[in-house]
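Below, each chain spelled out in residue letters.
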Amino acid sequence: MRLGWRRGFTYHCKAFASRGTFRVEAHRSPPMHTPQGFTPSHVLPTAIPAGALAFAFRDTKLLVGGPEDTPIVPELARVESLQIGEAVHYLGELDGTACVAVLLRDDAPEPEGWRYAGLRSLFFRLPEPLLAIAARAFQVIEWDRTHRYCGRCGTPTRDKPGERAKECPACGQIAYPRVSPAMMVLITRGRDVLLARAPRFPPGMYSALAGFVEPGETIEDCIRREVREEVGIEVGNITYFASQSWAFPHSLMIAYTAEYAGGELKVDESEIAEARWFAWDAVPDLPPSISISRRLIESTVARLAGESARS
Ligand SMILES: [Zn+2]
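Residues numbered from 1 in each chain as written. Predicted model: local features only at pLDDT ≥ 70, side-chain atom pairs only at ≥ 80, totals over all residues. Heavy atoms only, no water.

Asker: Before we move on, can you summarise the pattern of salt bridges with the specific residues and values?
Answerer: All chains considered together, the criterion is met by 18 salt bridges. What emerges from the salt-bridge pattern is a single network uniting Glu 214, Glu 217, Arg 225, Glu 226 and Glu 229. (Salt bridge = Lys/Arg side-chain N within 4 Å of Asp/Glu carboxyl O.)

So, in structure tokens, the structure goes:
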């Protein structure tokens, strides 16, 4: 069993060296949320300060500098000097420093001393507030990249003033950044938890069940349907746990616990490699601590351990 969050670890961020360090309460503030000290805004100021942090993406990768283990995010002036940007979206201010998302050209070169890095490779390296803003920027850029033309009539779209939206000048169709709700559920049966392996998981790693909400469904509907489809059982006592923004590509993961209410385990092999009940004190390898699934499982296992100790 692998319990135990790293509590209250301190990040030092080079880009903000003059402002001191960020202290991140890991057990209170899950990764991929709106960071403390961040004021979101979509209204581009008339003049963006040259010192604004630029979260600049070429395709799906972020422009970063500095050492491999302690990457830094460039200032906008540096990205502008490269003349490789196509679009800029204002994101807001982090502790008074403006933050922008920049869409780079697909053929943007790699400036000397800088590199393009996938967001996942920056987990535990980029300070958490910057990682969360990078994930936010990624979703805005992805939306910009995929909504250049009206989905209804094909006319090139333009940014709608005053909103994070694109509008079609011909037919008036408006497109907002997409957020796709998905549920995650950890099912308990007595002091056992149901964990499953997707075929893409590293060997030995298990997690809670998850799936996207379909049109017409509540999240609770989605949980009951996905559980029935994926493992063939019924659940009850569905209880909200927490949510997490997940930028791959634009999900909102909404996590729940539920209790087993009947049926035999029968795995849908097109989606799941294996699903098993695990005793609370014999939980296998879990997803990395940045994911809400890890928090959901650890929190539930801690509750079951407490119940076990009291009985
Ligand atoms: Zn149109």
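What follows continues from the structure just given.
Asker: Explain the coordination of the zinc ion to me, using residue names and the numbers behind them.
Answerer: Coordination of the zinc ion by the protein is provided by Cys 150 (SG), Cys 153 (SG), Cys 168 (SG) and Cys 171 (SG), with metal-donor distances spanning 2.3 to 2.4 Å. Because the angles between the four donor atoms bound to the zinc ion fall within 100 to 121 degrees, the donor set is best described as tetrahedral. In the primary structure, the donors to the zinc ion are separated according to the pattern C-x2-C-x14-C-x2-C. Of this pair, Cys 150 sits in the loop between helix H2 (128-146) and strand E9 (158-159) while Cys 168 sits in the loop between strand E10 (166-167) and strand E11 (174-175), and the two are 18 residues apart along the sequence. Classification of Cys 168 as buried rests on a relative accessible area of 3%. (Donors = N, O, S within 2.8 Å, 3.2 Å for Na, K, Ca; no water. Tetrahedral: all angles 85-135°; square planar, octahedral: opposite > 155°, others 65-115°. Helix = DSSP H or I, 4+ residues; strand = E, 2+ residues; numbered from the N terminus. Buried < 20%, exposed > 50% of the residue type's maximum accessible area, 1.4 Å probe, protein only.)

Asker: Mind laying out unusual backbone geometry, listing which residues take part and the relevant values?
Answerer: Residue Phe 248 is joined to Pro 249 through a cis peptide bond whose omega torsion reads 0 degrees. Note that Pro 249 resides in the loop between strand E15 (234-246) and strand E16 (251-262). The backbone phi angle of Gln 83 is positive, close to 55 degrees, even though this residue is not glycine. Relative to the helices and strands, Gln 83 resides in the loop between helix H1 (76-82) and strand E6 (85-94). The phi angle at Asp 95 is positive, at roughly 45 degrees, despite the residue not being glycine. Among the secondary structure elements, Asp 95 is positioned in the loop between E6 and strand E7 (97-104).

Asker: Go over the nonpolar core with me, naming the residues and quoting the values.
Answerer: Proteins that are soluble and globular tend to have nonpolar side chains buried together. Grouped together as the largest cluster of nonpolar side chains are 52 residues, with contacts concentrated most on Phe 55, Leu 91, Leu 119 and Leu 195. Top contributing element to this core by residue count: H2, with ten residues. Formed by 18 residues, the second largest nonpolar core is a distinct cluster that contains Met 183, Leu 194, Val 235 and Tyr 256. (Core = buried A, V, L, I, M, F, W, Y, C linked by side-chain atoms within 4.5 Å.)

Asker: An account of the sheet that holds strand E8 (residues 114-118) is needed here, citing residue identities and associated values.
Answerer: The six strands lie next to each other as E3-E6-E7-E4-E5-E8, forming an open sheet whose pairing is mixed. Where the open sheet ends on each side, the last strands, each with one partner, are strand E3 (38-40) and E8. For this sheet, the mean inter-axis angle between neighbouring strands, taken without regard to orientation, is 35 degrees. Direction of pairing for strand E5 (residues 61-65) relative to E8: antiparallel, over a ladder of five bridges. Counterpart to Val 64 in the pairing with E8 is Arg 115. (Pairing = 2+ DSSP bridges. Axes fitted to C-alpha atoms, helices over the stretch in contact; angles between N-to-C directions.)

Asker: Break down the layout of surface pockets for me, citing the residues and quoting the values.
Answerer: Space inside the largest pocket adds up to approximately 830 Å³. Lining the largest pocket are 32 residues, and of these Met 184, Arg 200, Phe 201, Ala 210 and Trp 246 sit closest to its centre. Those elements that place two or more of their residues in the lining of the largest pocket are strand E12 (180-189), strand E13 (192-197), strand E14 (209-212), E15, E16 and helix H4 (292-310). Examining the composition of the lining of the largest pocket, we find that four residues originate from one element, E14, more than from any other. When the residues that make up the lining of the largest pocket are grouped by side-chain class, the tally is 21 nonpolar, six polar and five charged. In this structure, the second largest pocket encloses a volume near 360 Å³. (1 Å grid on protein atoms, 1.4 Å probe; cavity = no way out; pocket = protein on both sides within 12 Å on 5 of 7 lines; lining within 4 Å. Points joined across faces, edges and corners; volume = space filled by probe spheres on them. Nonpolar A, V, L, I, M, F, W, Y, C, P; charged D, E, K, R; others polar.)

Everything listed is a geometric property; what it means functionally is a separate question.
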